[in-house]
Amino acid sequence: MRMMKEALTKLLLLLFLFAQANGQEETNDTLTVDVDVSASGTTTDSVSSTGNGCICEGLGDLIPDSLVAYYPPGGLDFLSEYQDSLPDETMDGKYTCGDIQDLFLSGTECPDLSWMSYCCTGAPAYTSCAQNVRKQVLNGYDKLVIPTKNQNDPTKVTVQMTYQTVTDISESKGSIEFFGWLVLAWHDPRLAWDYDPSPNGTCTVLPVNARAEKQQGLKDSEIWVPEFDLMNQISGVSGMTGQLARVTNDGNVTWFRQGRLKAICQMVQLGRIPFDTLGCQMIMGSQKSGVAYELNPTGGLLVSNYAGPYNDFRLVHAQPGYSSNGGAVFFDLQYERGTSFYIQNILLPVAIFTLCSIGTMTIGVGAFQTCALNFTLLLVTVAQRIAVSHMLPVCNERLWLVDFVSGSFYFIVFVLVETFFKFIVLAHREHRQTQASAAAMAQDTEDGGGEEGPKQADDSWLETFSFRKLDVYCSTLAFSAYVLFLILMFSTNSKWGSQLSFATMKNGTDITSPY
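What counts as what
- Residues numbered from 1 in each chain as written.
- Predicted model: local features only at pLDDT ≥ 70, side-chain atom pairs only at ≥ 80, totals over all residues.
- Heavy atoms only, no water.
- Helix = DSSP H or I, 4+ residues; strand = E, 2+ residues; numbered from the N terminus.
- Buried < 20%, exposed > 50% of the residue type's maximum accessible area, 1.4 Å probe, protein only.
- Contact = heavy atoms within 4.5 Å.
- Salt bridge = Lys/Arg side-chain N within 4 Å of Asp/Glu carboxyl O.
- pLDDT = per-residue confidence, 0-100.
- 1 Å grid on protein atoms, 1.4 Å probe; cavity = no way out; pocket = protein on both sides within 12 Å on 5 of 7 lines; lining within 4 Å.
- Points joined across faces, edges and corners; volume = space filled by probe spheres on them.
- Nonpolar A, V, L, I, M, F, W, Y, C, P; charged D, E, K, R; others polar.
- Pairing = 2+ DSSP bridges.
- Disulfide = S-S within 2.5 Å.
- Phe/Tyr/Trp six-rings, centres within 6.5 Å; stacked < 30°, edge-to-face > 60°.

Caption draft 1: Geometry of the side chain of Thr162. In this fold, Thr162 is placed in strand β1 (residues 155-170). Note on Thr162: relative accessible area 11%, which makes it buried. Those residues in contact with Thr162 that lie beyond four places of it in its chain are Gly180, Trp181 and Leu302.

Caption draft 2: Representation of the pattern of salt bridges within the structure. Across all of its chains, the model carries eight salt bridges by this definition. A salt bridge links Asp188 to Arg190, with the shortest nitrogen-to-oxygen separation between them at 3.1 Å. For Asp188, a relative accessible area of 0% translates into the label buried. Residue class for Arg190 comes out partly exposed when judged on its relative accessible area of 29%. Taking the shortest distance from any N to any O, the salt bridge between Glu336 and Arg314 comes out at 2.5 Å. Remark: Arg314 occurs in strand β12 (residues 313-322) and Glu336 occurs in strand β13 (residues 328-337); sequence separation between them is 22 residues. Given the relative accessible area of 47%, Arg314 is considered partly exposed.

Caption draft 3: Geometry of the confidence of the model for the protein. Residues of the protein with pLDDT of at least 70 account for 71%, and the chain-wide mean is 75. Note on residues 23-51: pLDDT is under 50 here. Beyond four places in sequence and across chains, it has 39 contacts. Of the regions scoring below 50 in pLDDT, residues 502-515 engages in 40 contacts with residues more than four places distant in sequence or in other chains.

Caption draft 4: Here's a closer look at empty space enclosed by the protein. In total, this model carries one cavity of 30 Å³ or more according to the counting rule given. Size it by volume and the largest cavity reaches roughly 50 Å³. As for the largest cavity, its lining consists of Arg134, Val137, Leu138, Leu191, Trp193, Val208, Asn209, Ala210 and Val247. Elements supplying a minimum of two residues to the lining of the largest cavity: α3 (126-138) and β3 (208-210). Residues that form the lining of the largest cavity fall into these classes: seven nonpolar, one polar and one charged.

Caption draft 5: Region of the structure containing the sheet that holds strand β4 (residues 229-230). Here we have four strands laid out as an open sheet, ordered β4-β9-β13-β12, and antiparallel in their pairing. At either margin of the open sheet sits one strand with a lone partner, and together these are β4 and β12. Relative to β13, strand β9 (residues 277-285) is paired through nine bridges, and the arrangement is antiparallel. If you follow Gln281 over to β13, its bridge partner there is Asp332.

Caption draft 6: Region of the structure containing the state of the cysteines. Per the counting criterion, the structure on display carries two disulfides. Across a sulfur-sulfur distance of 1.9 Å, Cys129 and Cys203 are joined as a disulfide pair. Residues Cys129 and Cys203 are joined by a disulfide whose S-S torsion is about -105°; by sign, that bridge is left-handed. With Cys129 in helix α3 and Cys203 in the loop between β2 (175-187) and β3, the pair connects residues that are 74 residues apart, well separated along the chain.

Caption draft 7: Spatial organisation of the packing of aromatic side chains. Applying the stated criterion across every chain yields a total of 17 aromatic pairs. Between Trp186 and Trp255, the ring centres sit 6.5 Å apart and the planes meet at 90°, which makes this aromatic pair edge-to-face. Of this pair, Trp186 sits in strand β2 while Trp255 is found in strand β8 (residues 252-264), placing the two residues 69 residues apart along the sequence. Considered together, Trp186 and Trp255 belong to a single accessibility category, that of buried residues. Here a set of aromatic residues connected by ring pairs shows up, and it is made of Phe275, Trp400, Phe404, Phe411, Tyr482, Phe485 and Phe490.

Caption draft 8: Expanded view of the pairing of β9. Counting buried residues in β9 gives eight out of nine residues, a clear majority hidden from the surface. The sheet contact formed by β4 and β9 spans two bridges and is antiparallel. When the sheet's bridge partners are listed, Asp229 is paired in β9 with Gly285.

In structure tokens:
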């Protein structure tokens, strides 16, 4: 009897080896045969099979090396209790289908892994599944209805702006234009669907696309989109390039747009030009009820590292914020101006022309030559004023650059007035000399060429003062005054212009201030 049992055991082992050699055993299955020859001569056999785990039941074979390309809402939170079992090389989040499948062996309670059906060779094609999803969720969908329960529970729309670069700042028009990306996200329960593995069902949990447009009447849009726009706009969100919205199976919608936004700005601190840090505030939202806007918790405002080498302005500060009533979000942008251009082409030339004009009073040239030279310098300064006026708005606020050029202009005018004064006095003296010569000749004729009569005393100051002393006094006064003017202008630059700020637009305040 004992020999028969041993022969039976050997036969079973031979059958197992024969079946394995002929490919009857699946690659992902393991068969364990434990032979226990007890004292009583009995043999115990136990067989366990891992199969395809929890992922590919009824969907063919697992593709173990395929990277997990999509995670459900919440990510891999359900795997937190299995972290100790994962290989070290997968801790960076780059899991494969095989990594996750190995955690859920046969006999372990399986979580819902339907979202990983793309890991299986027999999974339905995504194309047909996505078509089925779109037919189901868009059937009878009304895109004009806000997905909110009531006015006390508005639809929350998260906003994220990615700033790329400024494309234009016009101080004269009070506007700023920049290029950026805008991402809006909200929840619409009407767009949610349940996983149905049947070929004609909603057999995917991967995101599907839907047309989303913000145009009048929403003619081309398939789903509801918020009426979110730039409130202080010249050109707003409607002018940005739209892309398809991304809809997940839990009803979350993500909408990406990119393009240029152009806004009307206060031009905070423009009075200090060209040493200003120019500020502008973008206010974005809508006046419609039933929607509350908030900043994306992962970052409401992102700034790229792109910086063009030849930009007049450089972004130095960016701050997002929101209103307490959820009606809008805002983005404070502050730019540092490139001052080299203004120093080299406006400030230095104007200062040099003014000093040259003052210097003409001391070089001893004739009144006519001095007048011509100062007229030339005055015309150059007028040209500078015209160039500056085209760059800046016409306003009641005092602008540092305008006052600098204007002040220098009046110093040149002072020199020109002094030159005109000398020219008039010189003409007056020449006229008096001509009259005196004529009178002397007449007197000589009457006296018959006798002795010269007594000279008449001339007490007029105009006839006796020295032009040289006048030039020295005026040039010293003008030079000292202009140096003092330059010191005062540069030392008080920070106090010039309207010191507007965004104090009324901090987080949690109602947006009631002007743009």
